[in-house]
Amino acid sequence: MNLDDIRSDIDTLDAQLVQLLEARMTLVSQVATFKKMTGGRVLDNSRELVILDRVASQVENLDYAETVVNTFKDILKNSRAYQEKVLKK
Ligand SMILES: C=C(O[C@@H]1C=C(C(=O)O)C=C[C@H]1O)C(=O)O
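The protein chain is annotated in an unreviewed UniProt entry as Chorismate mutase of Pseudolactococcus chungangensis CAU 28 = DSM 22330.

Pasting the structure below:
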């Protein structure tokens, strides 16, 4: 495989990630609506620890574990930022 082939494969995976992240955000949006109606707090630390532990255990190549877990930490951080905006509306 040459560089263009590898990057083409990355682009294909990125398109899948965008779809999955959008689907995740649709669910996060539902959680935000629920919290807005019930007065719940955006941050749920114990839920996030469960998610991050599970993600760490699901990574098969340990060389990638730190990177993948950090990526999920960013996903959770941005999920919270989105929810804070929804709750302020
Ligand atoms: C979506 C939620 O809100 C926050 C964001 C989370 C997420 O994006 O998975 C998880 C826990 C919360 O800190 C939730 O409470 O489930």
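Past the structure itself, the notes keep going.
### Overview of helix 1 (residues 3–38)
Here helix 1 is 36 residues long and its end C-alpha atoms lie 51 Å apart, about the 52 Å a rise of 1.5 Å per residue gives. Restricting attention to buried positions, one finds in helix 1 the residues V28, A32 and K35. Where helix 1 is buried, its residues meet helix 3 (62–88). By the N-cap criterion, in which a side-chain oxygen at the helix start approaches the backbone nitrogen of a residue two or three places on, helix 1 is capped by N2, the distance to D4 being 3.1 Å. G39, located one to two residues past helix 1, shows a positive phi value of around 75 degrees.

### Notes on the UniProt feature "domain: Chorismate mutase" (unreviewed entry) in the protein chain
Annotation from UniProt places "domain: Chorismate mutase" (unreviewed entry) at residues 1–87. For residues 1–87, the helix share is 87%, the strand share is 0%, and the end-to-end C-alpha distance is 48 Å.

### Some remarks on the nonpolar core
Counting residues in each nonpolar core, the largest one holds five residues, listed as I51, L52, V55, V69 and L76. When residues of this core are traced back to their parent elements, those giving at least two are helix 2 (45–58) and helix 3. It is helix 2 that provides the largest number of residues to this core, a total of three residues.

### Describing helix 3
Given a rise of 1.5 Å per residue, 27 residues ought to cover 39 Å, and the 40 Å separating the end C-alpha atoms of helix 3 matches this to within 8%. For helix 3, the full list of buried residues reads A65, V69, L76, S79, Q83 and V86. The inward-facing, buried residues of helix 3 contact helix 1 and helix 2. By the N-cap criterion, in which a side-chain oxygen at the helix start approaches the backbone nitrogen of a residue two or three places on, helix 3 is capped by N61, the distance to D63 being 2.9 Å.

### As for the site of the ligand
Close contacts around the ligand come from 13 residues, with R24, K35, D44, E48 and S79 the closest. One nitrogen or oxygen atom from the main chain of D44 is found 2.9 Å from an oxygen atom belonging to the ligand. A distance of 2.4 Å separates an oxygen atom of the ligand from a polar side-chain atom of E48. Coverage of the ligand by the protein amounts to 91% of the 350 Å² it exposes when considered alone. When residues of the shell around the ligand are traced back to their parent elements, those giving at least two are helix 1, helix 2 and helix 3.

So, how was this worked out
- Residues numbered from 1 in each chain as written.
- Predicted model: local features only at pLDDT ≥ 70, side-chain atom pairs only at ≥ 80, totals over all residues.
- Heavy atoms only, no water.
- Helix = DSSP H or I, 4+ residues; strand = E, 2+ residues; numbered from the N terminus.
- Expected span 1.5 Å × (residues − 1).
- Buried < 20%, exposed > 50% of the residue type's maximum accessible area, 1.4 Å probe, protein only.
- Contact = heavy atoms within 4.5 Å.
- Polar contact = N/O pair within 3.5 Å; in protein donor to acceptor, adjacent residues only side chain to side chain.
- UniProt positions renumbered as here; feature names shortened; annotations may be inferred.
- Core = buried A, V, L, I, M, F, W, Y, C linked by side-chain atoms within 4.5 Å.
- Near = heavy atom within 4 Å.
- Areas by Shrake-Rupley, 256 points an atom, 1.4 Å probe, with all protein chains shown as cover.

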